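# Analysis of the macromolecular model
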Amino acid sequence: MSLLPEPAEFRKVYSDDKELAAELPDRPIASLRDLQYLYGRLYTLATAGGGEFAPYLTPEKSTDLFGEPESLAILRVDLTDDKPALDPDRPVEFRSYSHEDVEAVAHAWYDAARGFDHSVTHRTGAGKEPKKVAEYLYQRLTYWAADEVIQEAASEHEDGWIIEALAELGERDNIKETIVDAVKKQLEGSTTALTTVAVKLEPGGDYELPGACGTTVFNEAMRARKRSKLVSKNAATNSIGQAMDLVTGRDGLTVGTAEDPLNYFLGKQLEKFPGLDPDEAWRSHPVSEDVAVTLMNASTFIEACQYYTLESNVYYLPYFFGHPTPGDARELYTALYKVADEEDLTPVEQMYSDYNPQEWDDPDGDRLQFYVAAVLQHQTKRYDVFGDEMNASLMHPVELAREHCAILSSWAFDDDSELLHPDVRPALPAHEEWSLLRPDVETMVGLIAGGTYFRSTFANPDDDDTVSADDLRIQALIASLSGGSIPVKRVLEEYAGRLIEESDEDDEGFPSMFVAMQHAQLCAFAAAGLLAGEDESLTKPAEYTTSQMQHGTTQRARTDGGSKAVKRAQKLEQFLDDTPALAPENPQRRGGFLLGVLVGQVSSYQQSSENRSTTLVDQYSIKSVTGSKIDRLASDVLDKNVVYSRENRMSSTMYAEVVDELVETLPRAERDGGWDIDTSELRYYYALGVAYGMNNWIPDEEADEQTDDDAPTDTNE
């Protein structure tokens, strides 16, 4: 059960703008710590309310106990006489913990592996036997009340005698045995419970829980113990000093070992704070005690806005740009509540499905921004942080998804719907069963956010269970979420590596669908402005969406009788023109592509007309293509094409439109200094050409057109 109230209830409780404004940060959100502080304030207001001690309490840690039998174990202590004593009739009370008990119990959790909880109220481990529950109750007197930090806080409080009396009672003979006997009489079997004390302070009065007994001494002591853990942790013994709080901007005592929900500001991560002395950490990262505990309270909303993908934790934290207003706070709480309540969608998908600029009084959507980062844990307490972008927009992944779907809906891709040209199949294949070849924006947003968008196209790491700091999949994900940049050369390296993997592992043939997914993605990256590199032709968007195949012609090709060769020539001309990377100014890249096209088309002919199981695609695999071998490979393929042309008694060569372009391009590629193109780049565009060529078939034409001397009658067309 969640303690978070419904957004409507939150709005009702905090309907007064002036009161809510007093609880919010008084400066714009400018850093991750500012954002965490805002999340912590919203969570505290929603679960524990306002007030001095609310940020220190952790009511959410035991909501699973609501309504469970024997889930609240209370040690009843009478402090009305000179000597403290257990209630003679009922020293221990068991009851079901409820929502109404939260404020009175005043629980402040602490990691059990490090010791007991900060508050006198302490949660047991799961399924404890009566003797162990009794021990927890006894420790409220010995471990908690007698703790040095608790005793020091008690000595400075006017009601400190209450805690001193509890510690005195714990030293009394037979007290532990009395508690054990009382527990065994009431508890059968095992339980998980909050163990606490209730004190009677007035003769004839009631036993009151720590947060309802009319004194702040329990909460003051709790706060003191929690503060002690903010200044002494790991190698730090007393990291506290006078400085300006980096969140509030106020001068005062600051602590140096505050916990961080993102595991980013950690004392062990010396690379983030070179030369850090743990006891002087307050100088490098000063936050006040109140701010520190508020940051810790942000964890619920922080965790709700993070998800695991690509072996890393991705954080996608929404906020409104500028000074937080009461209206912003209510809207942000609503958004965070919905994300926390949704288990199936990533926060990116949830925000995309819920965001309505008109309802949020933000017509342009400009103020809604996001902190984006990926945090990788590669060993205990060692983390790498990627991205760390404060000003990301929801539109970044949405724009990429839209551009990708626009590419798939262009003339260049075959989505198995009605062909844009009745006789010419689009350049590359597509199929709805392949997720990155299905033009659905909402689905594509989910694929991008969830990492499938990159896992489907980039090379697989050597070890799927580990991830390195230079993993391009993660870098590309963060860039896509934050509007960053992706080095195009590295993208092509990943693409070529993945295609070789698929070719080696798949016995079903050439990985045309992977090539199609990669090319659509590459075009989408370029269109969304995400690609970075010195070669502008590799980062410039393709023009498939601004031109389309027309019936019998293209925008830049003449109408010429509708024969197969002319139609193929028209399509090839348009694809080359619309793809900046394949412009004539790039003869090596263009030559590799054209060679791939010819290999793909001849291979299709070999399969359909020659019934060959081994084709040129098998003979000249992707990994066999290098700059030093390209001339010999091209010569072999051209010779094979001539042989088939003669066998078909053609007056010219098969696929003359490709051959003509290829023989014109190859000499220019050689003249420009030899084949010095990057091997991965050459292999990728060669593979793109093969996929193009294998998809380059045309339905049978009328019998009177089959006599054209520019192409054989292919049975697969």
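Above this text sits the structure in question.
Since this is a predicted model, take the numbers as computed values, not measurements.

## Looking at the packing of aromatic side chains
Aromatic ring pairs are reported here in terms of the distance separating the ring centres and the angle at which the planes meet. One pass over the full model with this rule turns up 25 aromatic pairs. Both rings, one in Phe 575 and one in Phe 593, keep their centres 5.5 Å apart while their planes meet at 20 degrees; by these two values the pair is stacked. Taken together, the residues span a long stretch of sequence, with Phe 575 in helix α22 (residues 564–578) and Phe 593 in helix α23 (residues 587–609) at a distance of 18 residues. With respect to burial, Phe 575 and Phe 593 carry one shared label: buried. By the ring-pair criterion, three or more aromatic residues cluster together here, those being Phe 10, Tyr 14, Tyr 39, Tyr 43, Phe 301, Tyr 333 and Tyr 337.

## Regarding the nonpolar core
Membership of the largest hydrophobic core comes to 146 residues, with the highest contact counts inside it found for Tyr 453, Phe 525 and Phe 593. If one sorts the elements of this core by residue count, helix α20 (residues 512–527) sits on top with ten residues. When sequence neighbours within four positions are dropped, the list of residues in contact with Phe 593 reads Leu 572, Phe 575, Leu 576, Leu 582, Tyr 685, Tyr 686, Leu 688, Gly 689 and Tyr 692. Residues Val 92, Ala 153, Cys 213 and Phe 218 belong to the second largest nonpolar core, which totals 38 residues.

## Thoughts on the side chain of Asn 586
Position of Asn 586 among the secondary structure elements: in the loop between α22 and α23. Setting aside anything within four residues of it in sequence, one finds Asn 586 in contact with Asp 535, Ser 537, Pro 580 and Ala 581.

## Some thoughts on the side chain of Thr 334
Mapped onto the fold, Thr 334 is located in helix α13 (residues 326–341). Judged by its relative accessible area of 11%, Thr 334 falls in the buried class. Among the polar contacts listed, one links the side chain of Thr 334 to the backbone oxygen of Arg 330, at a separation of 2.9 Å. If sequence neighbours within four positions are ignored, Thr 334 has contacts with Pro 7 and Arg 11.

The rules behind the values
- Residues numbered from 1 in each chain as written.
- Predicted model: local features only at pLDDT ≥ 70, side-chain atom pairs only at ≥ 80, totals over all residues.
- Heavy atoms only, no water.
- Phe/Tyr/Trp six-rings, centres within 6.5 Å; stacked < 30°, edge-to-face > 60°.
- Helix = DSSP H or I, 4+ residues; strand = E, 2+ residues; numbered from the N terminus.
- Buried < 20%, exposed > 50% of the residue type's maximum accessible area, 1.4 Å probe, protein only.
- Core = buried A, V, L, I, M, F, W, Y, C linked by side-chain atoms within 4.5 Å.
- Contact = heavy atoms within 4.5 Å.
- Polar contact = N/O pair within 3.5 Å; in protein donor to acceptor, adjacent residues only side chain to side chain.

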